[in-house]
Structures are given as C-alpha cells and as structure tokens.
Amino acid sequence: MDDQNNKINNLHFKDVPMVMVYSPNQEEGSFVEFENESLVSPESLSIKKQSFHDPVCRSLSSCGSENCSTTYMVMGNSVAESIKIVVFSAKINLLIPFGPLAIVVDKFSGHNGWVFILSLLGIIPLAERLGYTTEQLACYTGPTVGGLLNATFGNATELIICVYALRNGMIRVVQQSLLGSILSNMLLVLGCAFFAGGLVNSKREQVFNKGAATMSSGLLLMAVMGLLFPAVLHSTHTELHFGRSELSLSRFTSCIMLVAYAGYLVFQLKSQSNLYHSVNEGNGEIDVPLDDNEEAPEISKWESIIWLSILTIWISIISEYLVDAIEGASLKMHIPVAFISVILLPIVGNAAEHAGAVMFAMKDKLDISLGVAIGSSTQIAMFGIPFCVVVGWIMGRPMDLNFQLFETATLFITVLVVAFMVQEGTSNYFKGLMLVLCYVIVAASFFVHIDPSAIADKYLKPSS
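Note that the structure is predicted; figures quoted are calculated from it, not measured.

**Points about the overall build of the protein chain**
Logical step 1: Across its full length, the protein chain holds 19 helices and four strands.
Logical step 2: The proportion of buried residues among the 464 residues of the protein chain is 43%.
Logical step 3: Entry remark: accessible area of the protein chain is about 24,200 Å², with carbon and sulfur atoms responsible for 64%.

**Re the nonpolar core**
Logical step 1: With 92 residues, the main nonpolar core has Phe-116 and Leu-370 as its most contacted residues.
Logical step 2: With 14 residues, the top contributor of residues to this core is helix α9 (residues 171-200).
Logical step 3: If near-sequence neighbours (up to four positions away) are discounted, Leu-370 is found in contact with Leu-190, Phe-194, Phe-208, Ala-213, Gly-375 and Val-422.
Logical step 4: Membership of the second largest hydrophobic core comes to five residues, among which are Ile-85, Tyr-132, Ile-299 and Trp-307.

**Description of the environment of Pro-386**
Logical step 1: Tracing the backbone shows Pro-386 in helix α17 (residues 366-395).
Logical step 2: On a C-alpha basis, the gap between Pro-386 and Ser-254 in space is 4.4 Å, while along the polypeptide they are 132 residues apart.
Logical step 3: Once you skip the residues sitting within four places of it in the chain, Pro-386 turns out to touch Ser-254, Met-257, Leu-258, Ile-380 and Ala-381.

**Let's talk about the pattern of salt bridges**
Side-chain pairing between opposite charges can occur once the charged atoms of the two side chains come close.
Logical step 1: Applying the stated criterion across every chain, the model contains three salt bridges.
Logical step 2: Between Glu-407 and Arg-172 there is a salt bridge, and its shortest N-O distance comes to 2.8 Å. Of the two residues, Glu-407 is situated in helix α18 (residues 404-422) and Arg-172 in helix α9; the sequence distance between them amounts to 235 residues. For the pair Glu-407 and Arg-172, a shared accessibility class is recorded, and that class is buried.
Logical step 3: Lys-431 is the partner of Glu-424 in a salt bridge, and the nearest nitrogen-oxygen pair spans 3.6 Å.
Logical step 4: By relative accessible area, Lys-431 is classed as buried at 11%.

**Concerning the environment of Leu-130**
Logical step 1: With respect to the element layout, Leu-130 can be found in helix α6 (residues 112-138).
Logical step 2: Along the chain, Leu-130 and Thr-312 lie 182 residues apart, while their C-alpha atoms are 7.6 Å from each other.

**Regarding the packing of helix α8 (residues 156-167) against α9**
Logical step 1: Running from amino to carboxyl end, α8 crosses α9 at an angle of 165°, the nearest separation of the two axes being 8 Å. Relative to α9, the element α8 lies roughly antiparallel. Considering how the two elements wind past one another, α8 and α9 form a crossing that is left-handed. For the pair α8 and α9, contact is made by Glu-158, Leu-159, Cys-162, Ala-165 and Leu-166 and by Ile-171, Val-173, Val-174, Ser-177, Leu-178 and Ser-181, respectively.
Logical step 2: For the contact of α8 with α9, the class distribution of residues is eight nonpolar, two polar and one charged.

**A short note on the packing of aromatic side chains**
Logical step 1: Considering all chains together, one arrives at seven aromatic pairs under this definition.
Logical step 2: A centroid spacing of 6.4 Å and a plane angle of 75° characterise the contact between Phe-195 and Tyr-429, whose relative ring orientation is edge-to-face. Residue Phe-195 is found in helix α9, and its partner Tyr-429 is found in helix α19 (residues 429-447); the two are separated by 234 residues along the sequence.
Logical step 3: Phe-195 sits in the partly exposed class, given a relative accessible area of 31%.
Logical step 4: Consider the rings of Tyr-261 and Phe-383, whose centres lie 5.8 Å apart with planes at 35°: the pair is tilted.

**As for the confidence of the model for the protein chain**
In low-pLDDT regions, the fine details of the predicted coordinates are not to be read closely.
Logical step 1: Overall, the predicted model of the protein chain reaches an average pLDDT of 75, with 72% of residues at or above 70.
Logical step 2: For the protein chain, the element scoring lowest by mean pLDDT is helix α3 (residues 55-60), at 35; α19 scores highest, at 93.
Logical step 3: Contacts from residues 280-293, a stretch scored under 50 in pLDDT, to residues over four places away or in other chains number four contacts.
Logical step 4: Counted against residues more than four places away or in other chains, residues 455-464, with its pLDDT under 50, gives 16 contacts.

**Observations regarding α19**
Logical step 1: The first and last C-alpha atoms of α19 sit 27 Å apart over 19 residues, in line with the 27 Å expected at 1.5 Å per residue.
Logical step 2: Those residues of α19 lying buried are Lys-431, Gly-432, Leu-435, Val-436, Tyr-439, Val-442, Ala-443 and Phe-446. When α19 is viewed along its axis, its buried side chains cluster within an angular range of 135° and face the same direction.
Logical step 3: Close packing links the buried residues of α19 with α9, α15 (337-349), α18 and β4 (426-427).

**Some words on the side chain of Ser-181**
Logical step 1: Along the chain, Ser-181 turns up in helix α9.
Logical step 2: Those residues in contact with Ser-181 that lie beyond four places of it in its chain are Asn-155, Glu-158, Pro-346, Asn-350 and Ile-380.

**Observations concerning α6**
Logical step 1: For α6, built from 27 residues, the straight-helix expectation of 39 Å at 1.5 Å per residue is met to within 8% by its first-to-last C-alpha distance of 38 Å.
Logical step 2: Counting buried positions along α6 gives 21 out of 27 residues, so the element sits mostly inside the fold.

Scoring rules and cut-offs
Residues numbered from 1 in each chain as written. Predicted model: local features only at pLDDT ≥ 70, side-chain atom pairs only at ≥ 80, totals over all residues. Heavy atoms only, no water. Helix = DSSP H or I, 4+ residues; strand = E, 2+ residues; numbered from the N terminus. Buried < 20%, exposed > 50% of the residue type's maximum accessible area, 1.4 Å probe, protein only. Areas by Shrake-Rupley, 256 points an atom, 1.4 Å probe, with all protein chains shown as cover. Core = buried A, V, L, I, M, F, W, Y, C linked by side-chain atoms within 4.5 Å. Contact = heavy atoms within 4.5 Å. Salt bridge = Lys/Arg side-chain N within 4 Å of Asp/Glu carboxyl O. Axes fitted to C-alpha atoms, helices over the stretch in contact; angles between N-to-C directions. Parallel < 35°, antiparallel > 145°, perpendicular 65-115°, else oblique. Left-handed = near helix turned anticlockwise from the far one by under 90°. Nonpolar A, V, L, I, M, F, W, Y, C, P; charged D, E, K, R; others polar. Phe/Tyr/Trp six-rings, centres within 6.5 Å; stacked < 30°, edge-to-face > 60°. pLDDT = per-residue confidence, 0-100. Expected span 1.5 Å × (residues − 1). Arc of directions from axis to C-beta.

Okay, structure coming up:
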C-alpha cells in the first residue's frame, strides 16, 4: 500500500479534473480514471461511495439519491424480463394451460381419459422449461457439475411421478416408467441425436469420447445384473423364503447400487475427471473462449434456482393428477398400462433431454449428447431405481427389483445394442436410424404385452 500511495502522490494533475480510484478487486497497479468534471463533485463522490458498499446497488450498477428508488425499478424490470424469457419465449409454452385445465376437468367431470391426456400435454412444456433453467444454472457451475445438474433435473419429472405412484401403491407403474425412461434415453434420444447429427455432418463421421461411453455402459450392465437376480429368483421359485428373500435381496442390492453410484460421482468429478473431457480436449486442443456463436446465460443464477423450485412444485401438482388418471385412462382408451408406463410417460419426461441431445449433436457436440442420453440412463438405473426401492421401504411399500423377465430381458438387450454402437467412438445417421427402429420394435412389443401384475390389464382382455 505504501508503493501505491507513492504512485498517487507523484501523479501530475492536468487542467481537467481527474480522480484516480484504486480498487482492491483489480490487478495490482491498475486504477480507474474519471476525466469528467462532474464526477469530482461531492454529491457524485458520495454516490460512488454508496455504490461500493451497498451490495444491492453494486449488483445493479445504479442507485439514485431518492432512497434507491431506481434500484426497485430495475429489480421490477428484472423480474418482468425473467418471466418474459422463461414463460413467454418458447412456443411450446402454449401447452402450459393444459395443466390447469386437467385440474378443472378432474374436479367437474372426473373423466380420467381427458385428465390423463391434458396432464400429459401440460407436463411437456414444464419438463422442457425445467431443462432450460437447469442449463442456465449450469452456465454458472462449470461443465462437469452442469452435466450432473442436467441429468439430475432432467430426471426430476420421472422421479416425481414415481413417488406419487409409490404412494398410491402402483409399484408396477413405478418399475415400468423407470424402465421406460432408460429405454427412451438409450434408444430414442440417442438414436435421434445420432441421426440428426449424422445428417447435418454427413461429409464425415462424428466422434466422441468412447472411454466415458464405455464406463456408462459398464454401469448399466451392473444395473441389469441387479435387476436380473430377483427376477430369476422369482421365476424359478428358488427363494429361501418365498416373497421375503426377493424383497430383502432387492433392498440390499439397491444400497450397493447407491454406493456404486456415489463412487462413480467421485470418480467422475474428482479422481479421473480428465476421462470425461471432450475428444478435442483429450488431443491437447484448448477450447476457444466464449464467442458470438456461444450462448450466454439469459437469466441470473438466483433466478435459475427460483424458477427450478417453481417448476418442480408445479410438475409435482400435475403429476399427482396424471398418476391418479392412469388406470382409468387405460380402460377408457383401451391401451395397456404397460404401454402407458413404458412408452408414453418417459417420452413426456424426456422431452427436455430429447431436444437438447438433438440440438447438441447437430452442433457437432456429440460428447454432450451422449452425456445427456447415456448419462441420464445411468443415473436412472444406478440412482433412480434404488432410490425408489429405498423410498418404498420407508413408505412401507414392497417395491423391489423384480421387473419381471420380459422387462429385464428388454433392458439387457438394449444395453448390449447401445454398448456395441458406441464402442468405436464414432457415429453416423445410420447408427441413429437403427437405434430409433429398435425403439419402435420395443414400443410395439409393449403395446401387445399384457402384464399380469398390473391392476387394470385384466379389463383389457377381449370378452368371450
């Protein structure tokens, strides 16, 4: 500070009044010059002093002399601008009124078919906006934590639906919707990303970090193993205590899977974070700074957190009406509960991931697309499913890992197909087309599949 004072004392002021302000937040030896005579007046200096010490005025860069009235005006404009960006900027938000309309229909008519359809349509924009606000928050947390946030809040819709279904004792709906979320992410979302990215970049094959994809595939195979043993025990009737051993094994395995997922997070974020760099970073290339083509955050960090809370609460409300209407809608529309749970619900819940993965693939950012699709599947398999088993344990619901042989075999084959697709570290539109067609086969299979454990499926059998 003595050196700084000597520098200030040795300054020669010219005819134009000038103020030199030393800021501790700037680099050493740097000063801010004000060569405007009006800035030297006592009134202006007092305003500057207030702006340095008042955090509200400092963050808004304006504070008037009339008790900071300008501050409140700017804050009001900021709130209005935030609402405009989040609520009115996307055309898909035209579907938001369907959510309240579903509540009205449920109160006055009780028609489960319409309540289900309206709730389904009302959740779509909420899931998309949840993904958008998560991406805005990820801009302030860095790419690794941002990817984890995207995967977590991207699966929030499915987890909320599952908690309400568990509370209603609809265990098969929970199991099938979680399974459907994995199948949708791995086949439909990843397939559309490969297909769209391959068409836009048709002159060359797109590349991605196959090490991260292989690690996720290994975790998915571990999840398949955890689901396979309870199903085999149940089907072969080789349990030591029929019913109880299957449930105990499921709860023990779920705890092990949660520990494995926690270890995976430590491995991803701390120990071997370089494994999850993009291909260009792995080759020693340095990412260019943010330019005009890169997207800057449109809302602040605290606005993102507030919007995440509001959207999560609203999704929870609509999800309750959606879950209550599933069985009635199955009867009214003559659609198996298994098809609704495995196909329809996950497509709605994965709307944000679907759009984001395709967009990033078209921009030749395939590592992000794989992080969204396969990373989301890994989180559902290693965290979502065990989490629901533990929550059911707390609620007194016999939620287990016995997903039945048909569903477990479908998941096992899907993981193998995707593992073979990503083992080379390259993609093209034909690989994407094959994954999408595989999903069509899965959807058709569940449309003709009657789950004997489902409550309402018995009403769907043709009358003799």
